[in-house]
Amino acid sequence: MPCSSARLEDGAIFRSFFVGSDGRPLAGGGTFLEMGAYDGATESTSAFFEQCLGWRGVLVEAQPKSFMKVLKNRPSALNIRVAGSCPTHGFVQFSGEAAAFSRIGGNGADGIVHTPPISVTCGPLGDYLTLLGVTRLDYFSLDVEGSEPEVIESLSTAKDLSIGVFQVEVRGDGRRGEVMRALMRRGFSYVGQVRGRPSPGNEIIDDVFVNATHMARYYPQSCAFAEATSQSVAGAVRNVTTFEAQLTQMKELTKRCCTNGGKSTPGWSTPCRCATA
């Protein structure tokens, strides 16, 4: 698919929620937010929506050197340099290395120190979105290397914000349940996973959540709501209503994340393991 990210996450989201039952893109012009944007181009999950579909959106990247690349690569987006995961406004230590794995308290890839950490602005993401007048996000892509639950909680300060599809990168850090709880409090239901074996430790790339109220309002013709679908998004919301039930669904879908029973996979030097909830 032209413009698509290297891991095809955007394609999976697009085909699942933003096309009609005839396979055609839904009209109307959507909105997105990609947090953890890196350089705005490499493995971007939002570039397709902006450059191929004409959507408008927000990119958030805290690492200063990476942010300068975002400004160059995505001049049409609304670009914000902030670590939007803190409960109050201030500063936080962040990776000094401008890498795809930059994160709060880190230095590039986990466990590898290249340059000293730096201090970056941090605060509730919801406050920044309110100041910018953002009230509708059809697609939210979150990849911040471990601070995902804090970012979601920080959205509580946003005024009149409605979000449709929420995609969260999966890490083997045991925080998937926290992410689910935080999103359920915002009216989301868990609908599945994007898989593709991104690392030797895990083949699940993202967990995907949907707010059916938002989708029914802005995308009533979505193929996810088609009558012929055996389990529409709306049906999933009615049938899976508790945290325990949704966590069970997540674990069930994750059971076979290692197709070889946890043994070393050809081409990988370490045994694989399932991302835990």
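Anything mentioned here points back to the structure above.
Predicted model, so just to flag it, every value in this text is computed and none were measured.

Trainee: Can you lay out the nonpolar core for me, pointing to particular residues and giving the numbers?
Mentor: Counting 29 residues, the largest nonpolar core has Met35, Phe140, Leu142, Phe166 and Phe209 as its most contacted members. When contributions to this core are tallied by element, the ones reaching two or more residues are strand S1 (31-35), strand S2 (56-60), helix H4 (125-131), strand S6 (136-142), helix H5 (148-154), strand S7 (162-169) and helix H6 (176-184). Here this core takes four residues from H6, the largest share from any one element. Apart from residues lying up to four places away in sequence, leucine 142 is in contact with Met35, Glu148, Val151, Ile152, Phe166, Gln167, Val168 and Glu169.

Trainee: Quick rundown of the packing of aromatic side chains? Include the residues and the values.
Mentor: Going through the model one piece at a time under the given rule, you end up with 10 aromatic pairs. With 5.1 Å between their ring centres and 65° between their planes, phenylalanine 14 and phenylalanine 48 make a pair best called edge-to-face. Taken together, the positions of phenylalanine 14 in helix H1 (residues 9-17) and phenylalanine 48 in helix H2 (residues 47-51) put the pair 34 residues apart, joining distant regions of the chain. Each member of the pair, phenylalanine 14 together with phenylalanine 48, is buried. Between phenylalanine 48 and phenylalanine 49, the ring centres sit 5.2 Å apart and the planes meet at 70°, which makes this aromatic pair edge-to-face.

Trainee: So, the state of the cysteines: which residues are in play, and what are the values?
Mentor: Per the counting criterion, the structure on display carries one disulfide. One disulfide in the model links cysteine 86 with cysteine 122; its S-S distance is 1.9 Å. With the S-S bond torsion at 100°, the cross-link from cysteine 86 to cysteine 122 turns out right-handed. Here cysteine 122 lies in strand S5 (residues 118-124) and cysteine 86 lies in strand S4 (residues 85-94), a separation of 36 residues in the sequence. An identical accessibility class is assigned to cysteine 86 and cysteine 122; each is buried.

Trainee: So, the environment of lysine 72: which residues are in play, and what are the values?
Mentor: Mapping lysine 72 onto the fold places it in helix H3 (residues 64-73). Along the backbone, lysine 72 and alanine 41 are 31 residues apart, and their C-alpha atoms lie at a distance of 9.8 Å.

Trainee: Just give me the short version of unusual backbone geometry, but keep the residues and values in it.
Mentor: Positive phi values are uncommon outside glycine, yet tyrosine 38 reaches one of about 55°. Inspection of the secondary structure assignment puts tyrosine 38 in the loop between S1 and H2. Judged by relative accessible area, which is 19%, tyrosine 38 ranks as buried. Although it is not a glycine, glutamate 43 sits at a positive phi angle of roughly 50°. One can find glutamate 43 in the loop between S1 and H2. Among the residues examined, glutamate 43 registers a relative accessible area of 41% and is labelled partly exposed.

Trainee: Can you tell me about the side chain of asparagine 211, naming the residues and giving the values?
Mentor: Note that asparagine 211 resides in the loop between strand S9 (202-210) and helix H7 (212-218). At a separation of 3.2 Å, a polar atom in the side chain of asparagine 211 contacts the main-chain amide nitrogen of histidine 214. Leaving out residues up to four positions away in the same chain, asparagine 211 has contacts with Ile163, Gly164, Arg186, Gly187 and Phe188.

Conventions we followed
Residues numbered from 1 in each chain as written. Predicted model: local features only at pLDDT ≥ 70, side-chain atom pairs only at ≥ 80, totals over all residues. Heavy atoms only, no water. Core = buried A, V, L, I, M, F, W, Y, C linked by side-chain atoms within 4.5 Å. Buried < 20%, exposed > 50% of the residue type's maximum accessible area, 1.4 Å probe, protein only. Helix = DSSP H or I, 4+ residues; strand = E, 2+ residues; numbered from the N terminus. Contact = heavy atoms within 4.5 Å. Phe/Tyr/Trp six-rings, centres within 6.5 Å; stacked < 30°, edge-to-face > 60°. Disulfide = S-S within 2.5 Å. Polar contact = N/O pair within 3.5 Å; in protein donor to acceptor, adjacent residues only side chain to side chain.

Any functional reading would require information beyond the geometric quantities listed.
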